[in-house]
Amino acid sequence: MKKHLNGNHIFLFAVICVTILRLLLTKGLMVYFVTGTQYDDLMQIAKAFSIADGNWLGKYGPMTLVKGVGYPLMVAFFHLLHIPYILGFHILYVIGCIAFIWAIQPIVKNQGILFLGYCFVLFNPIAFSSAITKYYRDIMYYAVCMIFISLSLGLLIHRRGKLCALLCGFSLAICILCREDGQWLYVYTISCLLATLIFNSISNKKFDLSFMKEISCVVLSYSVVVLSICAINYKFYGTFVTDEYNSGSYAAAYGAISRLHGESGNTQVVIPYSEREKLYNNSEAFAELKPFLDNNNPQFEPWKIVNNDYRTGYFSLVLRDAIAARGYYKDAKTTNEYLNRLAEEVNTYCDENDGNYYHKRNTIVSRFYPEYIPEILKSTVQAIKNTTHLSNISCIPIQCEEDDAYLRKFETFTNSVVAGNRYMPSGEIIENYHLVGFPRQMQRLMRVIIIIYRIITPILFIVSIFILLYKAIATFKAYSEHSYLYCISGLSLLLLFLLRSFMIGYVDATTFSAVDSPAYLAGSCVACIAFISLSLSVLTSDLTTACKNDQTK
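Residues numbered from 1 in each chain as written. Predicted model: local features only at pLDDT ≥ 70, side-chain atom pairs only at ≥ 80, totals over all residues. Heavy atoms only, no water.

## Observations regarding the overall build of the chain
Keep this limit in mind: For helices the rule is a DSSP run of H or I covering at least 4 residues; for strands it is a run of E covering at least 2, with both sets numbered from the N terminus onward. Our radius of gyration is a C-alpha quantity, and the globule rule it is checked against amounts to 2.2 Å times the number of residues to the power 0.38. Only protein chains enter the area calculation, which uses a 1.4 Å probe; residues under 20% of their type maximum are buried, those over 50% are exposed, and those in between are partly exposed. The contact criterion used is simple: two residues touch if any of their non-hydrogen atoms lie within 4.5 Å. All accessibility values rest on the Shrake-Rupley procedure with a 1.4 Å probe; residue burial counts only the protein chains present in the view. Residues scored as charged are limited to Lys and Arg (positive) and Asp and Glu (negative), so that His and the chain ends carry no count. By convention, the charge on Lys lies at NZ, on Arg at CZ, on Asp at CG and on Glu at CD.
Looking only at helices and strands, the chain has 20 helices and three strands in total. Taken over C-alpha atoms, the radius of gyration comes to 25 Å for the chain, in line with the 24 Å a tight globule of 553 residues would show. The C-alpha extent of the chain, read off along each of the three principal axes, is 85 × 65 × 45 Å. Relative to its 553 residues, the chain shows a buried fraction of 55%. The contacts of the chain with a sequence gap of at least 6 include a subset with a gap of at least 24, amounting to 73%. Accessible surface, the chain as shown: approximately 24,200 Å² in total, 63% of it carbon and sulfur. Considering the chain, the positive charge centre built from 46 side chains and the negative charge centre built from 40 side chains are found 13 Å apart.

## Notes on the pattern of salt bridges
Put simply, the test is: We define a salt bridge as a side-chain nitrogen of Lys or Arg found within 4 Å of a carboxyl oxygen belonging to Asp or Glu.
Taken as a whole and assessed by the stated rule, the structure comprises 21 salt bridges. Across the salt bridge formed by Glu301 and Lys304, the nearest N and O atoms sit 3.0 Å from each other. Look at Glu301 and you get partly exposed, because its relative accessible area is 23%. Of the charged contacts in the structure, one is a salt bridge between Glu345 and Arg341, with a shortest N-O distance of 4.0 Å. With a gap of four residues between them, Glu345 and Arg341 both fall in helix H15 (residues 332-352), about one helical turn apart.

## Structural notes on the pairing of strand E2 (residues 420-423)
Our working rule: Any two strands between which DSSP finds at least two bridges are classified as paired. Clockwise travel from the first strand over the helix to the second, with the strands pointing away from the viewer, marks a crossover as right-handed.
Across four bridges, strand E1 (residues 400-403) lies against E2 in parallel orientation. Within E2, the position partnered with Glu402 by the bridge is Arg422. Viewed along the sheet, the connection from E1 through helix H17 (residues 404-414) into E2 turns out right-handed. Bridge analysis of E2 against strand E3 (residues 429-432) gives four bridges, and the strand direction is antiparallel. The partner of Tyr423 across the bridge, within E3, is Ile429. Counting the residues between successive antiparallel strands, the hairpin from E2 to E3 contains five residues, one of them, Gly427, with a positive phi of roughly 95 degrees.

## Notes on the packing of aromatic side chains
We apply this condition: Two rings belonging to Phe, Tyr or Trp (six-membered ring only in the last case) form a pair when the distance between their centres is within 6.5 Å. Interplanar angles under 30 degrees mark stacking, angles over 60 mark edge-to-face geometry, and anything in between is tilted.
The final tally for this structure, using the stated rule, is 31 aromatic pairs. Aromatic pair Tyr310 and Phe315: ring centres 5.7 Å apart, planes at 50 degrees, arrangement tilted. Grouping residues by exposure puts Tyr310 and Phe315 together as buried. Residues Phe502 and Tyr506 carry aromatic rings whose centres are separated by 6.4 Å and whose planes lie at 45 degrees to one another, so their mutual orientation is tilted. On the criterion of helical spacing, the pair formed by Phe502 and Tyr506 is a turn pair, its members being four residues apart in helix H19 (residues 481-510). According to the relative accessible area criterion, Phe502 is partly exposed, its value standing at 39%.

## With respect to the sheet that holds E3
We count it as follows: Axis definition: a line fitted to C-alpha atoms, limited for helices to the stretch in contact. Angles are taken between N-to-C directions and run from 0 to 180 degrees.
Pairing is mixed in the open sheet, where three strands are placed in the order E1-E2-E3. Unpaired on one side and paired on the other, E1 and E3 mark the two borders of the sheet. Across the sheet, the axes of successive neighbouring strands diverge by a mean angle of 25 degrees, strand direction being ignored. Its contacts with the sheet place H17 against E1, E2 and E3, and it is angled at close to 100 degrees to E1.

## As for helix H7 (residues 162-178)
In plain terms, the rule: The span one expects for a helix is its residue count, reduced by one, times 1.5 Å.
The end-to-end C-alpha distance of H7, which contains 17 residues, comes to 24 Å, matching closely the 24 Å that a straight helix rising 1.5 Å per residue would cover. If you check which residues of H7 are buried, you get Cys164, Ala165, Cys168, Gly169, Ser171, Leu172, Ala173, Ile174, Cys175, Ile176, Leu177 and Cys178.

## Details of the environment of Thr334
Following the sequence through the fold, Thr334 ends up in helix H15. Residue classification places Thr334 among the partly exposed residues on the basis of a relative accessible area of 22%.

## Considerations on the side chain of Asn233
Within the element layout of this structure, Asn233 appears in helix H9 (residues 212-237). What Asn233 contacts, discounting residues up to four positions off in sequence, is Trp56, Leu57, Leu65, Gly238, Thr239, Val241 and Thr242.

## Considering the state of the cysteines
Note the threshold: Cysteine sulfur atoms are paired as a disulfide whenever they fall within 2.5 Å.
This structure, assessed with the given rule, holds zero disulfides. With no disulfide of its own, Cys145 lies closest to Cys175 among cysteine sulfurs, the gap being 4.3 Å. The structure places no disulfide on Cys178, whose sulfur is separated from the nearest cysteine sulfur, that of Cys175, by 7.3 Å. Judged by relative accessible area, Cys178 falls into the buried class, the value being 1%.

## Some thoughts on a nonpolar patch on the surface
We count it as follows: Note that patches include only residues with greater than 30% relative accessible area and no salt bridge, and the join distances are 9 Å for like charges and 5 Å for nonpolar side chains (Val, Leu, Ile, Met, Phe, Trp, Tyr).
Taken together, the side chains of Leu12, Ile16, Ile20, Leu24 and Phe438 define a hydrophobic patch exposed on the protein surface, amounting to about 440 Å² of accessible area. Broken down by element, the residue count for the nonpolar patch peaks at four residues, all from helix H1 (residues 2-24). You can see Ile20 is positioned in helix H1.

## Comments concerning the packing of helix H4 (residues 85-104) against helix H5 (residues 111-122)
What counts here: Note that the term roughly parallel is reserved for angles under 35 degrees, roughly antiparallel for angles over 145, roughly perpendicular for angles of 65 to 115, and oblique for everything else. A clockwise turn of the near helix away from the far one marks a right-handed crossing, whereas an anticlockwise turn of less than a right angle marks a left-handed crossing.
Between H4 and H5, whose axes approach to 10 Å, the crossing angle comes to 150 degrees. Classed by the angle they form, the pair H4 and H5 counts as roughly antiparallel. Note on packing geometry: the crossing formed by H4 with H5 is right-handed. Contacts between H4 and H5 involve Tyr93, Val94, Cys97, Ile98, Phe100, Ile101 and Ile104 from the former and Leu114, Tyr118, Val121 and Leu122 from the latter.

## Regarding unusual backbone geometry
In this structure, His82 is a non-glycine residue whose phi angle is positive, near 60 degrees. If you trace the backbone, His82 turns up in the loop between helix H3 (70-81) and H4. For His82, a relative accessible area of 65% corresponds to the exposed category. Positive phi is not limited to glycine here, since Asn415 has a value of about 55 degrees. Tracing the sequence through the fold places Asn415 in the loop between H17 and E2.

## What to know about the environment of Tyr234
Secondary-structure assignment places Tyr234 in helix H9. Distance in space between the C-alpha atoms of Tyr234 and Ala332 is 9.5 Å, their sequence separation being 98 residues. If near-sequence neighbours (up to four positions away) are discounted, Tyr234 is found in contact with Thr239 and Phe240.

## So, the packing of helix H2 (residues 41-52) against H3
Threshold: Throughout this entry, Asp, Glu, Lys and Arg are counted as charged residues, while Ala, Val, Leu, Ile, Met, Phe, Trp, Tyr, Cys and Pro are counted as nonpolar. The remaining residues, Gly among them, count as polar.
The geometry of H2 relative to H3 is characterised by a closest axis approach of 8 Å and an angle of 55 degrees between their N-to-C directions. As the angle between them shows, H2 and H3 are arranged oblique. Judged by the sense of rotation from one axis to the other, the crossing of H2 with H3 is right-handed. Listed contacts from H3 to Gln44, Ile45, Lys47, Ala48, Ile51 and Ala52 of H2 are Tyr71, Pro72, Leu73, Val75, Ala76 and His79. Residues that form the contact of H2 with H3 fall into these classes: nine nonpolar, two polar and one charged.

Set out below in structure tokens:
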């Protein structure tokens, strides 16, 4: 008994020590701030300011409900608790890593191996990327995804746990409120719950009604969070949505416009100029936007970057700005009335010319055409390669150029330091992105970690796939609950990684470049690293157990 307790104490002590080291590495990171992005960094951090002041998301306008509230809420939460910005989000990731080793503990009995598995996910290099260490949701998304994936895995492996189910639903809601492209997480949730329900039913030789409680807990906690945000938005703006960018009247209007692809053949132009000209003559609502979209308007002309036309990934935001310029973003009611009128007129025009246009749709997701398949597959393979090779990940600070007093306002609010060339009142320019002393040493250590992972991760990913195949064959020949739980867990993580990679590939092929961006690869990187850690931990644990059994004999 004493030996067992000492082993637990050693394990706990080791976890605490390596976790402290991991959090100390944040000293080597600085915030990357893109100050001119009204729909990205600046918009999201401004919402955090507004929440902290008690004004929710601020005055209603085209940017108010354009993206989820998860990130601004978390930044405001850290501000109120005086938690440094970068440290706070890395603590979230650490929580996800702790949840991960709790989840896999039933199939990885050896504490030493469990500790190594923890270290492997803990030092995931994606967290050190300067490209996602910014005033934007990317710094949060990978962390909350890790929490959600670990809790879902915990339900799958432990097969019980109402608290885990409640937290799973809660973390799923936070993920969706952080980024709107949460289809891959929905699929994973449903798959894990169904797999557990089926496994429990087979084991008990009857339908497992008791597990329906866990399923209900997931649905309940998810619904409470999402509906609460909808209710708050309704109170402040009169519209019952989490965000009005991906649903409701805006999605209907954009979906209608995106039916008019024409014959341009360019996957990255949602509606070419020739089709816009036709639509101006057939839709009074759309014609109101012509002075802004196609009249050499200096606000909109810079966005014509693909053959002097609007790129698909940006047109959805350009459209909002044009509608706002026309004066329809006074309040949610006025906006929705115009958008519904626009959607109806465009859909009517398309339906009357049914042979020439895409079917009716209600989404901002880029259209799919069969001829896109080769490019989508190519981009998907590239996304897998870039994720496993940890491409374009660097911890070297990315500097901005901005007025010192302006940057200090954000630094004070977030208790963090922005990397940049600072323009001082005296006219002097100060380079504030060179680290010295302890932070410099932490940065060097992160660079070493990135290099190590970049070398071993592609190899370990292939090895993990073979481990999964080997265990699947062994389970088929001689069933054991331990092997089955690993196979279904490992397969779920692998498929989750591939699904996310496919989504990134789809965006890259049809909307805008994504496969080279750490921001897009962060979620898939978490799934990949978790898959490798689980596979290697299970194999090593099995080999250790086999060796002990041989010695006993």
